[in-house]
Amino acid sequence: MEKNYGPSGFEGKIYAEWLDKKYFRAAPNPDKKPFAIMMPPPNVTGQLHMGHALNNALQDCIVRYKRMRGFEALWMPGTDHASIATEVKVAEKMRADEGLTKADVGREGFLERAWAWTAQYGGRIVEQLKRLGCSCDWDRLAFTMDAPRAKAVTDVFVRLYRDGRLYKGDRIVNWCVACKTAISDAEVEYETRQSSLWHIKYPVKNDGRGQGAEKAEYITVATTRPETMLGDTAVAVSPDDKRYRDLIGKTLILPLANREIPIVADAYVDKAFGTGAVKVTPAHDPNDFEMGARHNLPVIRVMNDDGTMNERAGAFAGLTREAAREAVVAALKERGFLVKIQKHTHNAGHCYRCGSVIEPIVSRQWFVRMKELAAPAVKAVEDKTVKLTPKRFEKIYLHWMRNVKDWCVSRQLWWGHRIPAYTCGECGELIVDYAKPDTCPKCGGAAIEQDPDVLDTWFSSALWPFSTLGFPDKTPELAYFYPTDVLVTAYDIIFFWVARMVFSGLYNMGEVPFKRVAFTGLVRDVQGRKMSKSLGNGIDPLELIDKYGADSLRFSLLNGTAAGGDMRFGPERVVSARNFMNKIWNAARFFHNAQCTMHNSQLSVGERSDNAECNGHFSLSEPVTDCPSKERGHFSLSQPVIDCPSKENSPAKKEKSVGEQSAGKACRADKDNAECRMQNAECNGHFSLSQPVIDCPSKENSPAKKEKSVGEVLSGSNSQMPNEKDPDNAFQFSIFNFQLSDKECRSEQNETYKLSPADKWILTRLNDTVKRASAFLDNYDAGLACAVIYDFIWGELCDWYIELVKPALYSDDAGEKGGALAVLARVLKSALKLLHPIAPFVTEEIWRSLPKAPGDPESVMTAAYPEYDKKLVFRGDAERFDKVRELIRGVRNLRAELNVPQNKRPRLFIFCKKEEKLVRRCLPYIRTLTFSGEADFIADAAGPQGRRTSVCVSDLADAYIYTDELIDLEKESARLQKEIENAEREIKRCEGKLADKGFIANAPKAVAAAEKEKSERYRVRLAELRASLARLGLRE
RNA sequence: GGGUUCAUAGCUCAGUUGGUUAGAGCGCUUGCUUGACAUGCAAGAGGUCGUUAGUUCGAGUCUAAUUGGACCCACCA
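Everything numeric here is computed off the predicted structure, so don't read it as measured data.

Okay, unusual backbone geometry next. Here the bond from Thr 389 into Pro 390 is cis, since omega is -10°, no more than 30 degrees from zero. Relative to the helices and strands, Pro 390 is located in the loop between β15 (387-389) and α10 (392-402). Looking along the chain, the bond that leaves Phe 471 and enters Pro 472 is cis, with omega of 10°. Turning to its location among the elements, Pro 472 is positioned in the loop between α12 (464-467) and α13 (476-481). A positive phi angle, close to 55°, is found at Asn 296, a residue other than glycine. Relative to the assigned elements, Asn 296 resides in the loop between α7 (286-294) and α8 (321-334).

Our next topic: the pattern of salt bridges. The full count for this structure, using the stated rule, is 69 salt bridges. Here Arg 162 and Asp 433 are joined by a salt bridge, their closest N and O atoms 3.1 Å apart. Here the residue Arg 162 occupies a position in helix α6 (residues 147-162), and Asp 433 occupies one in the loop between β19 (430-432) and β20 (448-450), the gap between them amounting to 271 residues. Among the ionic contacts, a cluster of salt bridges with common partners joins Arg 225, Glu 227, Arg 321, Glu 322, Arg 325 and Glu 359.

Next up on the list: the sheet that holds strand β31 (residues 744-746). Strand order in the open sheet formed by 3 strands is β30-β31-β32, and the pairing between neighbours is antiparallel. In the strand order of this sheet, the two ends are held by β30 (739-741) and β32 (752-754), each with one partner. Strand after strand, the sheet turns through a mean of 20° between neighbouring axes, direction not considered. Relative to β32, β31 is paired through 3 bridges, and the arrangement is antiparallel. Its bridge partner being in β32, Arg 746 is matched across the sheet by Thr 752. Strands in contact with helix α25 (residues 814-835) are β30, β31 and β32; relative to β32, the strand with the most contacts, it is inclined by about 80°.

Turning next to the sheet that holds strand β14 (residues 358-368). Overall, antiparallel pairing links the 4 strands, which are arranged β6-β5-β14-β16 in an open sheet. The open sheet has two free edges, formed respectively by β6 (181-183) and β16 (407-408), since each of these has just one partner strand. Judged from the 3 bridges that link them, strand β5 (residues 166-176) and β6 form a sheet pairing that is antiparallel. Within the sheet, the bridge partner assigned to Cys 176 lies in β6 and is Thr 181.

Moving on: the packing of aromatic side chains. Counted according to the given criterion, the structure contains 36 aromatic pairs. The interplanar angle of 20° and the centroid separation of 5.5 Å between the aromatic rings of Tyr 167 and Phe 367 together place this pair among those described as stacked. Here Phe 367 lies in strand β14 and Tyr 167 lies in strand β5, a separation of 200 residues in the sequence. Assigned by exposure class, Tyr 167 and Phe 367 land together as buried. Seen in terms of ring centroids, Tyr 480 and Phe 481 are 4.7 Å apart; in terms of plane orientation they differ by 85°. Their pairing is edge-to-face. Side by side, Tyr 480 and Phe 481 carry an identical accessibility label, which is buried. Aromatic ring contacts, followed pair by pair, group Phe 157, Tyr 161, Trp 366, Trp 407, Phe 459 and Phe 503 into a single cluster. Lying across the ring of Phe 110, Lys 102 places its NZ or CZ 5.7 Å from the centre. Above the face of the Trp 800 ring, Arg 885 is positioned so that its terminal group lies 4.6 Å from the ring centre.

Let us now look at the environment of Leu 129. Looking at the element boundaries, Leu 129 is found in helix α5 (residues 124-132). Assessed through its relative accessible area of 2%, Leu 129 is described here as buried. In this structure the C-alpha to C-alpha distance between Leu 129 and Leu 1029, which are 900 residues apart in sequence, comes to 64 Å. Filtering out sequence-adjacent residues up to four positions away, Leu 129 remains in contact with Met 39, Pro 42, Leu 48, Asn 56, Cys 134 and Trp 138.

The rules behind each value
- Residues numbered from 1 in each chain as written.
- Chains lettered and ligands numbered in written order.
- Predicted model: local features only at pLDDT ≥ 70, side-chain atom pairs only at ≥ 80, totals over all residues.
- Heavy atoms only, no water.
- Helix = DSSP H or I, 4+ residues; strand = E, 2+ residues; numbered from the N terminus.
- Salt bridge = Lys/Arg side-chain N within 4 Å of Asp/Glu carboxyl O.
- Pairing = 2+ DSSP bridges.
- Axes fitted to C-alpha atoms, helices over the stretch in contact; angles between N-to-C directions.
- Contact = heavy atoms within 4.5 Å.
- Phe/Tyr/Trp six-rings, centres within 6.5 Å; stacked < 30°, edge-to-face > 60°.
- Buried < 20%, exposed > 50% of the residue type's maximum accessible area, 1.4 Å probe, protein only.
- Lys NZ or Arg CZ within 6 Å of the ring centre and 35° of its normal.

What follows is the structure, given as structure tokens:
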């Protein structure tokens, strides 16, 4: 019943059919060029958010485009186990549901629950991606923690270790006290916070010899972490700081702890900051750790893994770090060691998962030695083996990669790939191997324990481009699809993932993982804020799909955004996209109706009124019900069906239809009655898109004729009716067998139709669009491709061409009609192909309803993407036709300025200045598109005499309309003045340029010639405008 | 501290390598239910392209400075 676009009725069904037909499958195929994209695996327990929607819409667009371009296009889907994120969620759920902690259930119990959780929610995001229309090869769906990926992870870990690229050591790591695990540098987010700088006196140990800074009983240090002073093992000063020069080498008594610590000189210290003296706490600060190493200082760790103070903190043991800080400061104050507290802002690291303040702590962890791995990864980007776009991300990447530090890959978690490292309980030997050894290779002992830790999630993600293709086995997939072509991802995981894939690919495969990275921006809310759960400003893409359809959502995310830029997203965007889908929908309806109309003209009056019901609607979800043709029933999906409502014109039925129709007409007269409109809509019959129906009323009524006029051929009057019983019937509605060639369209029967000016214009525009859209898509610039296709479909095909073909379609010349319809079909189908990668569902749904030409596949997704066809570019004709459009716009403008309402059809008088043949040929267009009545050509440049007129001046012709009493002299004068001023301004500009010797000397000839031509044109126009002003008895 | 990026119509944004009168969507004004579409059609208003200086015959586009916003990186206690 819906005459409007209603995606919920067909998207699911179409997707199921695509799956069923295995259109998404990709496999090594020597006859085709490979194309591969690896989906950034979303978290297995995650839900689709707008970022995913954007990212995957773009990938799908690219992969569909490449598929249509003839590539063996693989889009590899998968999910990520998201070690820390999932572990946190599972622990939370466990606590909420069962009141249990990880410690309560133990490793096995916890993993059981985590796998159960994965089983329960793991498919959710996949189903959500399907709703978006993603054409992934789902048969290959991978999970970063499934068996093949585990094999790849173990293989890489063992080889890294044996290559000396992996080591275990005590180093300062970023420790999250809430997650109780180490995390990598990339996982720390720095935030500027208001804090304090505590100045603390450390007494100098009296050695009995007061000299130099003899009065120095104390040295004052400034710190942001007073609680860590309990772990201090030195105080450092700058070697060239005169204030402290004589104290270097002396000993201090560490307050509260009463330990002796040395004063050391280290270049790291900035004498200008604070007091110029730094307390050194190697166990709790990365810089101090390094200083400690330089000066052989002991490392005293005073904190537990959970952020509480340990026994080394003496009296403060057991306190949390926050409580310890207060207690330490209070104690210092009480004992007179606190000098002052300054306000201070500093950067504090926070865990990117839980947000708690990161504690730098010395810990024994596994590290990937980055220096050697990074070098080729730097080179690959430098020499563009991997191209990052937009280009600015190359700088970011290179800066990071050149300064990268060793990567801490061990995590004190359970959910993840357990590290394949084992320790002999007897001799302590460390063994790294593919499987747990039965006995220690060193001492033969059997008490072998596996490392309890798991690997960083990103360790397995880094292998994604090849682990998904079967690595470490040498599979045909790996040989065929690797390196992949493009990675599409948001720029916020450039370090986490992109950079690590590059060096992992180079290390493990000897080749980069992808040739190109197309970064997307972030989807923000209308105010420009990141969408987040805590802010509650997120938009649920699934709700948008429910309401507007997946195509609308995709289009709204892709259209008009520059690659890599953030976007502000509000629901209005989707509404606008939905309107566009509706527009295309209705363009297709127009096509179907136009055929109906064409057949109509060959019917008797009675038949015509019956057939009028078919001017109406497609039903997406419902089968044909009300259409008179419904009884015929047997439509074939694979073949275009020509339906003939007139075939079974039972008198009763006919009468009813006519009655309905006239009721509709009566309603129509009532302008304000919306309800009536709706009723009227119902009076119109229905097409079902799911069962393509092409109306052919003439089948039985037309006498078989031997002599074939174009029109008859077009109407299919001498053709067989196809149906399911006759599947091999090669009948195609013959107009669609027309081959478009230079200047004409020729049918199989050798009938020809000369392309109209409008045809040539739209075909030229179509090809221009094909060229531009393809260029953008080749560069993965879907946003710009969208804009180009949108402009073509709405601004040219719908706003102009469909209006332009109406005179031909409603005329009595069957040849004109058929030809126009053939061209319209051709352009419409090309438009669907152009748009398909962006809006796959609606294009498919419409495609199925359209008659097929030889070679047209049943699904638009398997059609070839349109290619630029020089034969169908009529540059000169199109440019001349643009002048006709200019004339039309001029007349419309004139009418609007004169307040001639659109339902008035004034007579038009045309004084043609050039291209008269063309203008005469285009007269039907001009009349229709300017809502004019009769149109006459006149010979007098001053317009028709005897009555008052108003004129619009254009390059081709001047058009007059009677204005008589309508005219408001003042308004008319103002209108003409405005045009005169406009012309004068342009002339001035042009002539200014032309008078400039530099311009003439340096500008390209074409540019100069264009300026000259323009100035001449405007001079003519100016003269005419002045003349018409004069005729009104007005002056400037 | 280093770096990147943005600034164009009331709002959100396009604007390829410098070259017609700087575009679109939404919003606004006016007219219109016109045989595809009121989820629409037609017409219109609205911009000295953040500021300044430069390069150039010519700058929204290139250069430098400047103002304001966003982001990234970095060990300043």
